[in-house]
Amino acid sequence: MKRLFTFFWLFCLICNLAIAQDEAAKPMTWKDIPTWKYMNSSSFKISPDGQWVAYGMIALEADGEVILQKVSEPDSTKTFKIGFTNFPSIEFSEDSKWIAFKEHPTFKEKEANKKSKGKPLHDKVTLIKLGSDDKDDKKTFENVSNFSFNGKAATHFVVNLTKDGSGDAKGSDLLIYHLNTDKAQNIGNVAEFSFNKSGNYLAYTVEAANQSGNGIYLMNLTNNSTSVLDSDKATYKSINWTEKGDAFAALKMVKDKKYKQDQGKLVGVKNLTSPQVTVYDPIKDSVGFSKEYTISPNRRPVWSEDLTRLFYGIHPLVLAKKEDEKKELDKDSVALAESEAMKKIMADTSLNSIADLKKALSKLDSGKVSPKDKDTDKPDMTIWHWNDSRLQSRQQILENQDKNYSFYAMYDVAAGKHTQLQDSTMRDLNILDKEKYAIGSDNQAYELQSNLDGQNYRDFYIIDLKTGEKKDLFSNFYLPGYSSYPRSSPDGTKLIYGYDGDYYSYDIASGEEMNLTASLPVTFVNVDDDHNVKKPLQGALGWSSDSQYVLLNDGWDIWQVTVSGKAKAINLTQNGRSEKIKYQYRFALDRDEKGINLSKPLYLRAYGEWTKKSGIAVINSSKKGLEAGAKLVVWEDAGIGSLKKAENAEVYFFTQEKFNEPDQIYVADATLSSPTKITNNAPDAGKYAWSSGTRLVDYVSDKGDTLQGALFLPANYVDGDKYPTVVYYYEKLSQTRHSWTNPGYSGTGWNPNVYTSNGFAVFIPDIVYTMDDPGMSAVWCVIPGVKAAIETGVIDEDNIGIHGHSWGGYQTSFLITQTDMFKAAAAGAPLTNMISMYDLIYWNSGGGNMSIFEASQGRFTGGPWENWAAYERNSPVYHVKNVTTPLLMLHNDKDGAVDFTQGIEYYSALRRLKKPVILVQYKGENHGLGKLENRKDYSVRMMEFFDHHLKGAEAPDWMSKGIDKIDLEEHLEKRAF
């Protein structure tokens, strides 16, 4: 009996262990990812009263949900299915009584429809009264394209219904639902609609069949009356309300057969209770408006704040070409086609029947025939000239933008006067707040040189918007970065800008300039910027709302500086530099703010430079303004960010995440004390094994730079054991120590969370750069970093791999020519020959690489002919004979950033020397993988590559033997999932 009991006890123990093992967290596999659900952070919405939140939970290949929750009641969560989407659409009404969200077809429905090539599937919208369980307080609207509440009033809900595709009307039905009465009304053929800020007025345009009844309409929602503001055989578009919602502007476009473009007219509406409508028709302006121009549809018109002027775009008219007469086959043509002569023509042109001939002629007539198929005496060519300011490839990229470019103009309503504010000699114009002035700029005189060496210069101008007069502001102004650009004060009368390492203010009316930072005890130059530019500045936080102060960042602390010079500058944060805390940026909590209100607390994002802690600091305020001294109210060994505030309540929300903990949203009061987690992002996270934690690794580069790396422990880490490790880098990335990476198939194949979940350690060292030595800088920083990481005892020094993509791919390709410490390397889209790469084109932008090499990431001082040794010294292909590390390369034939020839050069050189190299190419893909099937495939292959070399797993056939082209389709079919 005792033996039987012992046997039974052991049996139960074994069963319990088996059950526990089944329930234990498991590694995340690539096949788990398609159904992995996670929060779409951009969909997170807060009701204006701060009492409700909603967010979308989505998956890569599964249906999503909307999560609705009352903030004060964590158990009040409701879940609504929304079908398959990557971008959940959710809105609260301004009175916080209603929520609406879109419901899409399911994943299965979309996949089935795709295979059957059925008709387009349509979305629904669900409208729910918050806090109610009454079924009558939930409405569903079918076949919806978009929806909206009517602003502050929150009395109406409108949905634009999906057009059925019949007829030639471009508008569709607009359904207006009265929230308080449960009544609905329908307006047909609506093309555009827009509420004003108060929500009492709805402006909309009608675009009906044959333009019958086309016009612009205004509905007064308080009494349900509608006014026809203008109606014509025209297309009305670009409704644009003023910020206050007391007026709006729009465009009226009329076809003119003489020109390729429509003739534009301007519509301005104000005095809404008794609408005053201004229609400006340039054709009737024989004095002020050039007949060579028309009003452009490509710039939305806007009222001045005082409603005296309208601003809009104009562009040149282009004469239409005389259309060729249509060729139709009649009975005589058919008879002719059947003649011997026509048969011969058909034979010569590879046409086999009359039907083929008709199809060919129809294709030609519709303009769908390619230039090669047309009989033409014009060559299809491009002329590249050495004096072109922009490369022809760049011009091709910008061709549509250039064709659609419009110049700013102004119309004085009372005077009936049109004024052109810019022309081709001043390509950029920014109208400043209050519309007293505009600032214009132009780089055409420097564009060619800038495209060659990357150093940016511009001429700046001030335009008086009362007179249209233009005067010079700066000539040949150097711009080492965005922070140097002139920025306007909220009252539109002053500017700040950066020049030669200092910040300046400029009073537009008086022309008085003042250096704001020269006398301060710190520098505002970004000393961490190691590109080949002169004195780049740290960022400015912006102007105060009273236009008297600017807030500037010295890289550590935030300074309040008066632009009048009458008060001493104040270091608001005080302890940043001394305690190595970087106060990085301000959280803008009021979406309607005009400048920084210094009478309200200032919330800043804080970051520990050497601890990698992060948090939120508050600078308190009084009637006199901000009080010096930042208080860290949230300070965690985690990633903190994205602070938001409810629009009408002192309720605050921020995110917190760790490398092994998904980002979650916390709620708190204005003090941010005692925050409470309110989201459940990645609800299945507990089923999987994640990294056991992170460590910081301090080290010194071979050039004496003090640096850090982030070491991510593998799942189920055991102290004292050593683990296969993948080293990943891209300049400085140790700040990602607390960044959660959602499991997924990236465009580069890399996902650190999936790797640590599967037993790899991951190490991310920082790299700083020495000019003229970008490759050697990686050697000087990465190798000492890896050696320091080995000293932690976590890394198996005999099984270390490296991976990087693009610039990281370059560093990987270079590192394996300089060291044999890595057992395997994966390089995505690598630069491999800095000399040949210098003269190639960055096809995604159409620009040349030389400016990137000289002033941006390349970090060279001059071209190869001026610095041959440096370019050669830092080119992987010239050291290829030293490579002993097996290499997996990803490079795609349509890579528009790093030319495919770079990968081919390196692959061919390694192959010539019989070095172990595999090049994976996905046809038609760009710099990173876009197609889901390709992202899946490469993610799996790269891990298989590291599994084999670092863990000793058996190499699959594609790795050990390669796959012949004739066998590739079968190979891919077997691997697909």
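Residues numbered from 1 in each chain as written. Predicted model: local features only at pLDDT ≥ 70, side-chain atom pairs only at ≥ 80, totals over all residues. Heavy atoms only, no water.

## Things to note about unusual backbone geometry
Negative phi values dominate among residues other than glycine, just as trans dominates among peptide bonds.
Next, step 1: Positioned with a positive phi, D772 is a non-glycine residue whose angle comes to about 75°.
Next, step 2: Looking at the secondary structure, you find D772 in the loop between β49 (761–765) and α11 (774–790).
Next, step 3: A relative accessible area of 16% means that D772 is categorised as buried.
Next, step 4: Residue S806 is not a glycine yet carries a positive backbone phi of 65°.
Next, step 5: Within the secondary structure, S806 sits in the loop between β50 (795–805) and α12 (807–815). (Helix = DSSP H or I, 4+ residues; strand = E, 2+ residues; numbered from the N terminus. Buried < 20%, exposed > 50% of the residue type's maximum accessible area, 1.4 Å probe, protein only.)

## A short note on the nonpolar core
Next, step 1: Residues V727, V786, L887 and Y906 are the most contacted members of the largest nonpolar core, which totals 58 residues.
Next, step 2: Here Y906 is in contact with S813, I816, T817, T832, P876, V877, V880, V883, L887 and M889, once residues within four sequence places are set aside.
Next, step 3: Grouped together as the second largest cluster of nonpolar side chains are 40 residues, I33, F659, I764 and M959 included. (Core = buried A, V, L, I, M, F, W, Y, C linked by side-chain atoms within 4.5 Å. Contact = heavy atoms within 4.5 Å.)

## Some thoughts on the pairing of strand β30 (residues 502–507)
Next, step 1: Where burial is concerned, most of β30 is hidden: five out of the six residues are buried.
Next, step 2: Sheet analysis places strand β29 (residues 494–499) next to β30, joined by six bridges and oriented antiparallel. Across the sheet, the residue bridging to G498 is Y503, located in β30.
Next, step 3: Examined bridge by bridge, β30 and strand β31 (residues 513–515) share three bridges and lie antiparallel to one another. Paired with S505 across the strands is M514, a residue of β31.
Next, step 4: Taking the residues that link successive antiparallel strands as the turn, the β30-β31 hairpin has five residues, and the phi of G511 there is positive, at about 75°. (Pairing = 2+ DSSP bridges.)

## Considering the side chain of Q664
Next, step 1: Among the structural elements, Q664 can be located in strand β44 (residues 661–668).
Next, step 2: Side-chain polar atoms of Q664 contact the side chain of T679, separated by 2.8 Å.
Next, step 3: From its side chain, Q664 meets the backbone nitrogen of N681 in a polar contact 2.8 Å long.
Next, step 4: Setting aside its immediate chain neighbours within four residues, Q664 contacts F654, T655, Q656, K677, T679, N680 and N681. (Polar contact = N/O pair within 3.5 Å; in protein donor to acceptor, adjacent residues only side chain to side chain.)

## Description of the side chain of R309
Next, step 1: With respect to the helices, strands and loops of the structure, R309 is situated in strand β21 (residues 309–316).
Next, step 2: Only 3.3 Å separates the side chain of R309 from the side chain of T308, close enough to count as a polar contact.
Next, step 3: In terms of polar contacts, R309 uses its side chain to reach the backbone carbonyl oxygen of L465, at 3.5 Å.
Next, step 4: Filtering out sequence-adjacent residues up to four positions away, R309 remains in contact with V302, W303, S304, M410, Y411, D412, K434, E435 and L465.

## Description of helix α17 (residues 932–951)
Next, step 1: The end-to-end C-alpha distance of α17, which contains 20 residues, comes to 27 Å, matching closely the 28 Å that a straight helix rising 1.5 Å per residue would cover.
Next, step 2: The element α17 is extensively covered by neighbouring structure, given that 15 of its 20 residues are classed as buried. (Expected span 1.5 Å × (residues − 1).)

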